[in-house]
Amino acid sequence: MNSKRAKQWTGDDSTPLLPIKDKNKLIQRSLPAESPASDIAGEDKPEVEENVEVSKPLPEVSVVDLFATRAQKLQNRQTAIASMSCAIVENPEENLKKLRTLKEFWDEKDPDIRMGNRKLLLLSLTEIYKDILPDYNIRVASQAEKQQAASKDTKQLRHYEENLLHNYKLYLQMLEECIGKAGDKKQRETADEKTKEFRLLAVRCMTQVFVKRPTFNFSKNVINVLIPLLAVHNHQILKTICTAVQQVFKDDKKGETSLEIVRCICRTVKARNFQVSPMVMNTFLALRIKEINTEEEKQKKLTHKEKMKQWSRKERKLDKKRKELNKQLEEAAVELNRSKILQARTDTITAIFTLYFIILKKAQDSALLSPVLAGLAKFAHLINVDFFDDLFKVFGEILQLEILNIADVLNITRTAFTILSGQGEALNIDPQRFYTQLYKVLPQLATGEGSACIENIPEIFKLMFIDRKKKVTNARVLAYTKRLVSVSIHLEGEPALVVLTVVRNLFSTFPYTDVLLDTECIGSGMYRPDIDEPEYCNAHNSTVLYELHLLTHHSEDAVRQCAKLLLKNSPEHQKTAKTRCMLCVQSPDELIDEIQQQNLATSHAAGQKQKRKAVNTEAVKLKQSYSTIE
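Thresholds, definitions, all that
- Residues numbered from 1 in each chain as written.
- Predicted model: local features only at pLDDT ≥ 70, side-chain atom pairs only at ≥ 80, totals over all residues.
- Heavy atoms only, no water.
- Helix = DSSP H or I, 4+ residues; strand = E, 2+ residues; numbered from the N terminus.
- Buried < 20%, exposed > 50% of the residue type's maximum accessible area, 1.4 Å probe, protein only.
- Contact = heavy atoms within 4.5 Å.
- Areas by Shrake-Rupley, 256 points an atom, 1.4 Å probe, with all protein chains shown as cover.
- Expected span 1.5 Å × (residues − 1).
- Salt bridge = Lys/Arg side-chain N within 4 Å of Asp/Glu carboxyl O.
- Patch = residues over 30% accessible without salt bridge, like charges linked within 9 Å, V, L, I, M, F, W, Y side chains within 5 Å.
- Lys, Arg positive; Asp, Glu negative; His and termini not counted.
- Charge placed at Lys NZ, Arg CZ, Asp CG, Glu CD.
- Arc of directions from axis to C-beta.
- Phe/Tyr/Trp six-rings, centres within 6.5 Å; stacked < 30°, edge-to-face > 60°.
- Lys NZ or Arg CZ within 6 Å of the ring centre and 35° of its normal.

(A) Layout of the overall build of the protein chain. Along the backbone of the protein chain there are 28 helices and two strands. For the protein chain, the proportion of its 630 residues judged to be buried stands at 39%. For the protein chain, the proportion of contacts with a sequence separation of at least 24, taken over those separated by at least 6, is 72%. As displayed, the protein chain has an accessible area near 40000 Å², and 51% of this comes from carbon and sulfur atoms.

Structure, rendered in structure tokens:
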């Protein structure tokens, strides 16, 4: 009955389905009935023609063709980027809008050229900004200033600077996005080689722009991005940033950028608990600070409450306007303010010394001890008198450690005697322990590690002996002279020459050292080279400096000549006053240059002589041949 009623509703043999309720009506549904013929065995179903588009198989493409296509795409993109970059550099005011087009290339969706396209863009934009960024900071005009009447050129310049600053900000954001969280250990471990390479490229681009324009807008943001990367265990990134920082230190004349970098480095080193590379601390050695503000009695300044009590309301308003005017004049001034420079350098040195002293007290066994001692040796003349006692106490503790190498001992000695020869001259400090420790490690100069420190030997011995010639004993001078000559026979070339010039200075400053060259001098006791105390080794009873006679047969001609000059200083060889005068007056560098020039002149003369001899030999042969023919 139900099936009959359903057939009456639909009017055919279809099977009814449940209706669907709409807003105002019911929608009846039905399923078409299957044809009975379809159930008959052996009878085929009727074919239904459908308009289905059959996809053709793609042609096979070789790997060579794929690479050629990709190279062609990159070449086309490179040409487009190069043409726009040249136009921007040629006329930035008119073609600055093309930076927007270059920015659109950054969102390239083609996977074949996406990474290569981004590398080309970073390199091109870096060269563009290195060329078009001005040397001054761009100050964005306020709304009140924009509403004021201005000339057409002023409006155009203001519009250009605002657009340039906006695009430069987007460029820095792109670089920061590429660098990412390089300090995150998980990201470093999971990053693939392409990501690491691209990150290194972004770091190099940012450092290049920063070195070119270190005082431009957003310089602090750049510093806050780059300096924390010094704690990353990536040698290439570390070397790139350290090289850039050293260059900024060398070129900075105002000192403000250097101060900001130094403060950021100090924060990073403390945050990492001093677990950073020594290369980070060595960047401070590039600072060219020779003078700071050492005024002990500064002018007493009134506090804010005292000003409020003494000044009237009108005077306070005038003072506020005066400060704003002075600030604007300082920003517009072309000449550098000497007082501000000295203050910036003073703050820089204060931050560096604070970090140095913390490391000396808390991290004496860390790898940062050597660069800290090198920094103290470089800036020893700038250390405040208040720190002298504590510093010498720390030096005494460090000298007792067995981890010190010859470079550390030389730096400690240089720092100590720089202090004692300057502001610390009035201090009652006995430097005997520094003499003893340096005498102990002098033989290490013949090693590979010690040969790199030989260039500092003349300056250190000048501070220890030449400048303190009235405070050193004869035994100490003779012991050091003997040990230096003994070390020189194990050195080659210029290192041996530097040591011999130091010995020359000792001979010229202390005449009683002639006893080491006098074969007729008779003493008592025996020389003990195994004793590390220079006062008790009996150097005055040592055998005549036979090492100088060995050095007269050295492989280097300059060393041979210097050894002969020293031997002429002996009583039995000293013939003229000219040799003695040259030994006394010339510095080590001057003597080395003179000997090298003499060697060049001698080699040139020998070459000319050989040429003349060869010509004469050919002439004799020709004469003999003519005589045989006749």
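Next comes the rest of the account.
(B) The side chain of Ser219, seen in detail. Inspection of the secondary structure assignment puts Ser219 in helix H10 (residues 219-226). When sequence neighbours within four positions are dropped, the list of residues in contact with Ser219 reads Phe210 and Pro214.

(C) Molecular detail of unusual backbone geometry. Of note in this structure, Asn273 is not a glycine but carries a positive phi near 60°. Looking at the secondary structure, you find Asn273 in the loop between helix H12 (256-271) and helix H13 (278-282). With a phi angle near 65°, Phe274 is a residue other than glycine that sits in the positive phi range. Along the chain, the position of Phe274 falls in the loop between H12 and H13.

(D) View of helix H11 (residues 235-251). Helix length check: H11, at 17 residues, gives a terminal C-alpha distance of 24 Å against a target of 24 Å (1.5 Å per residue), a fit within 8%. For H11, every residue scored as buried is listed here: Ile237, Leu238, Thr240, Ile241, Cys242, Ala244, Val245, Val248 and Phe249. Of the surrounding secondary structure, the elements contacted by the buried residues of H11 are helix H9 (193-212), H10, H12 and H13.

(E) Quick peek at the pattern of salt bridges. Counting across every chain of the model gives nine salt bridges. One salt bridge connects Glu197 with Lys119, and the closest N-O pair in it is separated by 3.5 Å. Of this pair, Glu197 sits in helix H9 while Lys119 sits in helix H5 (residues 114-132), placing them 78 residues apart in sequence. Glu197 sits in the partly exposed class, given a relative accessible area of 48%. Assessed through its relative accessible area of 25%, Lys119 is described here as partly exposed. For Asp530, the salt bridge identified is with Arg528, shortest N-O distance 2.9 Å.

(F) View of a positive patch on the surface. Together, Lys250, Arg288, Lys290 and Lys378 line one region of the surface with positive charge. For Lys250, the location among the structural elements is in helix H11. Here Lys250 falls in the partly exposed class, since its relative accessible area comes to 38%.

(G) Fine view of H10. Turning to H10, its buried residues are Ser219, Val222, Ile223, Val225 and Leu226. Projection of H10 onto a plane perpendicular to its axis shows the buried side chains occupying an angular sector of 165°, all on one side. Looking at the buried positions of H10, the neighbouring elements they touch are helix H7 (152-179), H9, H11 and H12.

(H) Region of interest: the side chain of Ser258. Within the fold, Ser258 resides in helix H12. Exposure remark for Ser258: the relative accessible area of 5% places this residue in the buried category. Contacts of Ser258, omitting those with residues within four sequence positions, involve Val248, Phe249, Asp252 and Leu287.

(I) Quick look at the packing of aromatic side chains. Taken as a whole, this structure holds 21 aromatic pairs when the rule is applied. The interplanar angle of 75° and the centroid separation of 6.4 Å between the aromatic rings of Phe392 and Phe395 together place this pair among those described as edge-to-face. Of this pair, Phe392 and Phe395 are both found in helix H18 (residues 388-399), three residues apart, which corresponds to roughly one turn of the helix. Members of the aromatic cluster, each reached through a chain of ring pairs, are Phe392, Phe395, Phe417, Phe434, Tyr435, Tyr439, Phe461, Phe465 and Tyr480. Its end group placed over the ring of Phe105, Arg77 keeps NZ or CZ at 4.4 Å from the ring centre. Over the ring of Tyr435 we find Arg476, and its NZ or CZ is 4.2 Å from the ring centre.

Keep in mind these values describe shape, not function.
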